[in-house]
Each structure stands twice: as C-alpha cells, then as structure tokens.
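Given next are the chains, with one letter for each unit.
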Amino acid sequence: MYVVKSPLSDENLKTVSEALQGALVDLVDLALVAKQIHWNVVGPRFRSVHLQLDEVVTLARTHSDTVAERAAALGVSPDGRAATVAVGSGIGVTPEGWVDDTAAVGALVEALSAVIARMRERVTATGEPDPVSQDVLIAITADLEKQHWMFQAENG
C-alpha cells in the first residue's frame with residue numbers, strides 16, 4: 001500500500017495534523033448544523049435566512065474538502081465520519097424542530113463563533129510548523145468571519 005510521506009518532521013506533522021483534523025470536524029459539523037436549521041427555519045425572513053444558510057453549507061463543504069485534501073497531501077488520513085464529528089466538534093447543540101428566523105440566525109452566530117475561535121487557535125498553532133497549512137486555515141477563517149458578520153447583521 002502506498003503511503004504519502006510528509007515533508008514535515010514528525011513533531012510538526014503531529015501539530016499540523018491535529019489542526020487540520022480539528023478544522024475538518026468543525027467544518028463538517030458546521031455544514032450539518034446549517035443544513036438542519038435551513039430545513040427548519042420559519043418566520044418573516046424565512047427566504048433570506050434559508051438562502052443564506054445554504055451559502056454557509058456550500059462554504060463549509062468546500063473548505064472541508066480543501067482541509068481534507070491538505071491533510072492527505074501531508075500523508076495524514078482525514079476522518080470525517082459521523083462518529084468522529086459527533087465527539088470532536090466545538091459547535092454546541094443545534095435547535096430541534098422548527099426554528100424561528102431570529103433564533104436560527106442566533107444559532108448560526110453561535111456556531112460560527114465557536115468554529116472561528118477554534119480556527120484562530122489552529123492558525124496560531126500551524127504558523128511555525130507549516131505556513132502552507134496556516135495559509136489554508138487563514139483563508140477559511142476569513143470566509144467564516146464574513147459569514148459571521150453577515151449573520152450578526154441579520155439580527156441587528
């Protein structure tokens with residue numbers, strides 16, 4: 001079986017692989033959370049919030065693929081299985097059932113806040129051992145912060 005060999009030292013690879021795996025888990029869960037709320041949002045701003053939630057889903061899915069491929073390029077097997085995501089995500093509990101538009105926006109603000117805080121820790125952790133992975137995480141964090149701003153503006 002072919003195994004990809006990383007150019008990073010074992011110590012640096014451990015740090016970077018933990019950061020990438022954590023990012024993958026958070027991004028997979030963010031996509032699931034946003035889609036769950038997307039299906040259940042109700043209220044006068046239904047349409048705009050519904051569509052904005054799909055933007056987050058697309059963003060999280062796209063970035064999760066980027067993160068997983070970066071890990072694979074370094075010889076680290078990415079793990080996006082449901083069980084792994086369930087125990088490793090930093091996102092809190094998603095509202096169950098119908099969610100009014102104001103609560104839906106609030107839930108996304110909280111979810112994005114949690115992911116962004118963890119992503120910023122990963123940006124710091126990867127700076128020295130692997131600036132390439134750090135650059136990937138910086139770009140993802142910027143996109144998440146843009147969505148965070150837009151959702152905060154929804155509720156004023």
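Nothing here was measured: the structure is a model prediction, and the numbers come from that model. (Residues numbered from 1 in each chain as written. Predicted model: local features only at pLDDT ≥ 70, side-chain atom pairs only at ≥ 80, totals over all residues. Heavy atoms only, no water.)

*Asks:* Help me get a handle on the packing of helix 4 (residues 101-126) against helix 5 (residues 131-155), residues and values and all.
*Replies:* Packing of helix 4 against helix 5 leaves a shortest axis separation of 9 Å and a crossing angle of 160°. As summarised for this structure, helix 4 and helix 5 are arranged roughly antiparallel, according to the angle between their axes. Remark: the crossing between helix 4 and helix 5 carries left-handed chirality. Its residues assigned to classes, the contact of helix 4 with helix 5 comprises 14 nonpolar, eleven polar and four charged. (Axes fitted to C-alpha atoms, helices over the stretch in contact; angles between N-to-C directions. Helix = DSSP H or I, 4+ residues; strand = E, 2+ residues; numbered from the N terminus. Parallel < 35°, antiparallel > 145°, perpendicular 65-115°, else oblique. Left-handed = near helix turned anticlockwise from the far one by under 90°. Nonpolar A, V, L, I, M, F, W, Y, C, P; charged D, E, K, R; others polar.)

*Asks:* Which residues make up the UniProt feature "domain: Ferritin/DPS" (unreviewed entry) in the chain, and what values go with them?
*Replies:* Mapped onto the present numbering, the UniProt feature "domain: Ferritin/DPS" (unreviewed entry) falls on residues 18-153. Taken end to end, residues 18-153 has its terminal C-alpha atoms 33 Å apart, with 79% of it in helix and 3% in strand. (UniProt positions renumbered as here; feature names shortened; annotations may be inferred.)

*Asks:* A description of the side chain of His50 should follow, citing residues and the corresponding values.
*Replies:* Position of His50 relative to the elements: it lies in helix 2 (residues 46-73). You can call His50 buried: its relative accessible area is 19%. Ignoring any residue separated from it by four or fewer positions in sequence, one finds His50 in contact with His38 and Val41. (Buried < 20%, exposed > 50% of the residue type's maximum accessible area, 1.4 Å probe, protein only. Contact = heavy atoms within 4.5 Å.)

*Asks:* Explain the nonpolar core to me, using residue names and the numbers behind them.
*Replies:* Grouped together as the largest cluster of nonpolar side chains are 43 residues, with contacts concentrated most on Leu30, Leu53, Leu108, Leu144 and Phe151. Contributions of two or more residues to this core are made by helix 1 (10-40), helix 2, helix 4 and helix 5. Residue contributions to this core peak at twelve residues, all from helix 1. (Core = buried A, V, L, I, M, F, W, Y, C linked by side-chain atoms within 4.5 Å.)

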